[in-house]
Amino acid sequence: MIVKPPLVSLSRARIPATIVTGFLGAGKTTLIQNLIKSANGRRLALVINEFGELGVDGSILKACAIEGCPEENIVELANGCICCTVADDFLPTIEALLDRPNPPEHIVIETSGLALPKPLVKAFAWPEVRARVTVDGVIAVVDGPAVAAGRFAENPAAVDRQRAADAALDHESPLAEVFEDQIACADLVVLNKIDLMDGPMRAKAEAAINAELGRAVKILPASFGRIDAKTLLGIEAAAEDDLASRPSHHELEGEDHDHDDFESFSLTLPMLRTPEELLARLKPLIERHDILRVKGFLAVGGKEMRLLLQGVGARLQHYYDRPWAADEARDSRLVVIGLKGLDRAAIAAALGAA
């Protein structure tokens, strides 16, 4: 059996993913609980990035034991703001879900309250996932009373503690700017906690939301996040192809990359004597050629296990993941990913590729 490459044909139907954004305490986890209960057994996978004193982590979702979303389909990312750790944590997690023998029918991603949704949407343009997943929609959950009061979050002090506790956070933005980014990226806005609002408060919250919407986006009122899955899933926004209409305070001129900005290629390598032999050659190559990702399955002499290698920038990880199958060709294949213009010949020659 030949090890299949990680990229798949564009002709294969892509799995939809829904991004749920909103501040700590807005009601994202409650919304997702209701979504799961009304999904009618659809096979969901949840990627949870929320944490903090008032946040509700994946343990409550795991306790739901709802058909269609078993505990093993709930993945928690505890290494900080998801928009700041896209390459390190998020992309490998999505790939692992896609590579399961029975992959999910829909992926739901709950971001940290401080996460900026647009960098996460951009991640779906990476070569490893762009042909396999599409962003069905970005849902912004808004704490109605807090927005009406100009606080944006129910407990700003708790949000500040969350910010201080996150070593990976590389944007220290005022809450107003993060709120604006979350709304500007949304395909659907859920105005939550309307049971705690009178008419003037609701009007004030809706005005604050509409001020940040640059396009036609529906605002749905909700109490305790009670919205049916039929409404939340199946938006078919393909948000990764619509980045220009989703402005952000945190973009630098020229930083956007579309699908065609990346390229990838695979190499067949000779059997390794040791993993360290390959690492010693890879590290200077990654720096010299500005390689973004490397990944592959490799054969090591005298080892009955195949070696799995993954790298994000200069950070390389490797381990033996399973024995080679009896009918499996022990080929060493390495996929190299970077921006357009990679010197394939030089990289192949330095690695001794066939």
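The shown structure was predicted, so the numbers you read here are calculated from the model rather than taken from an experiment.

Participant: Where do I start with the overall build of the protein chain in this structure?
Facilitator: The secondary structure content of the protein chain amounts to 12 helices and 12 strands. The proportion of buried residues among the 354 residues of the protein chain is 51%. Here the protein chain has roughly 15700 Å² of accessible surface; of this, 52% comes from carbon and sulfur atoms.

Participant: When you look at the pattern of salt bridges in this model, what are you seeing that I'm missing?
Facilitator: Oppositely charged side chains are able to pair whenever their charged atoms sit close together. According to the stated counting rule, one finds 13 salt bridges in the structure shown. With its nearest N and O atoms 3.2 Å apart, the salt bridge here joins Arg14 to Glu240. Of the two residues, Arg14 is situated in the segment before β1 (15-21) and Glu240 in the loop between α10 (229-232) and β8 (262-269); the sequence distance between them amounts to 226 residues. Relative accessible area serves as the criterion here: at 30%, Arg14 is assigned to the partly exposed category. In this structure, Asp99 and Arg132 form a salt bridge, with 2.7 Å as the shortest nitrogen-oxygen distance. Taken as a pair, Asp99 in the loop between α3 (86-98) and β4 (106-110) and Arg132 in the loop between α5 (127-130) and β5 (133-143) lie far apart in primary sequence, 33 residues in all. Classification of Asp99 as partly exposed rests on a relative accessible area of 42%. Salt bridges here are not isolated pairs; linked through shared partners, they connect Asp187, Arg215, Asp242 and Arg246.

Participant: Can you walk me through helix α1 (residues 28-37) in this structure?
Facilitator: Think of an α-helix as turning once every 3.6 residues; residues three or four places apart then point the same way. When you tally the buried positions in α1, you get 8 out of 10 residues, the bulk of the element. The complete set of buried residues in α1 reads Lys28, Thr29, Leu31, Ile32, Gln33, Asn34, Leu35 and Ile36.

Participant: Got a minute to help me understand the pairing of strand β9 (residues 293-298) in this structure?
Facilitator: A regular strand places its side chains so that they alternate between the two faces of the sheet. Counted residue by residue, β9 has 5 buried out of 6 residues, so it is predominantly covered. Examined bridge by bridge, β9 and strand β12 (residues 332-339) share 5 bridges and lie antiparallel to one another. From the neighbouring strand, Phe297 faces β12, where its bridge partner is Arg333.

Participant: When you look at the environment of Leu267 in this model, what are you seeing that I'm missing?
Facilitator: Within the element layout of this structure, Leu267 appears in strand β8. We classify Leu267 as buried; its relative accessible area is 7%. Distance in space between the C-alpha atoms of Leu267 and Arg344 is 9.4 Å, their sequence separation being 77 residues. If sequence neighbours within four positions are ignored, Leu267 has contacts with Ser332, Arg333, Leu334, Val336, Ile347, Ala348, Leu351 and Ala353.

Participant: I would appreciate a short explanation of the environment of Phe297 in the present structure.
Facilitator: Tracing the chain through its elements places Phe297 in strand β9. Along the chain, Phe297 and Asp321 lie 24 residues apart, while their C-alpha atoms are 9.2 Å from each other.

Participant: Is there a simple way to explain the nonpolar core in this structure?
Facilitator: The nonpolar side chains of soluble globular proteins are, as a tendency, buried together. The biggest cluster of nonpolar side chains holds 24 residues, and the ones touching the most others in it are Ile19, Phe90, Ile94, Ile107, Ile109, Val121 and Phe124. Elements with a contribution of two residues or more to this core: β1, β2 (44-48), α3, β4, α4 (117-123) and β5. Per-element tally for this core: the top contributor is α3, with 5 residues. Listed in part, the 22 residues of the second largest apolar core include Leu285, Val294, Leu298 and Leu316.

Participant: Looking at this structure, how should I read helix α11 (residues 275-289)?
Facilitator: Compared with an ideal rise of 1.5 Å per residue, which puts 15 residues at 21 Å, α11 spans 21 Å between its outermost C-alpha atoms and is within 8% of the ideal. Inspection of α11 places Pro275, Leu278, Leu279, Leu282, Leu285, Ile286 and His289 among the buried residues, and these make up the whole buried set. Directly after α11, the chain includes Asp290, whose backbone phi takes a positive value near 55 degrees.

Participant: Quick question: what am I supposed to make of the environment of Ile227 here?
Facilitator: By the element assignment, Ile227 lies in the loop between β7 (218-221) and α10. Judged by its relative accessible area of 9%, Ile227 falls in the buried class. Contacts of Ile227, omitting those with residues within four sequence positions, involve Leu31, Asn34, Ser38, Val190, Leu220, Ala222 and Leu232.

Parameters and conventions
- Residues numbered from 1 in each chain as written.
- Predicted model: local features only at pLDDT ≥ 70, side-chain atom pairs only at ≥ 80, totals over all residues.
- Heavy atoms only, no water.
- Helix = DSSP H or I, 4+ residues; strand = E, 2+ residues; numbered from the N terminus.
- Buried < 20%, exposed > 50% of the residue type's maximum accessible area, 1.4 Å probe, protein only.
- Areas by Shrake-Rupley, 256 points an atom, 1.4 Å probe, with all protein chains shown as cover.
- Salt bridge = Lys/Arg side-chain N within 4 Å of Asp/Glu carboxyl O.
- Pairing = 2+ DSSP bridges.
- Contact = heavy atoms within 4.5 Å.
- Core = buried A, V, L, I, M, F, W, Y, C linked by side-chain atoms within 4.5 Å.
- Expected span 1.5 Å × (residues − 1).

All we've got here are geometric facts, nothing functional implied.
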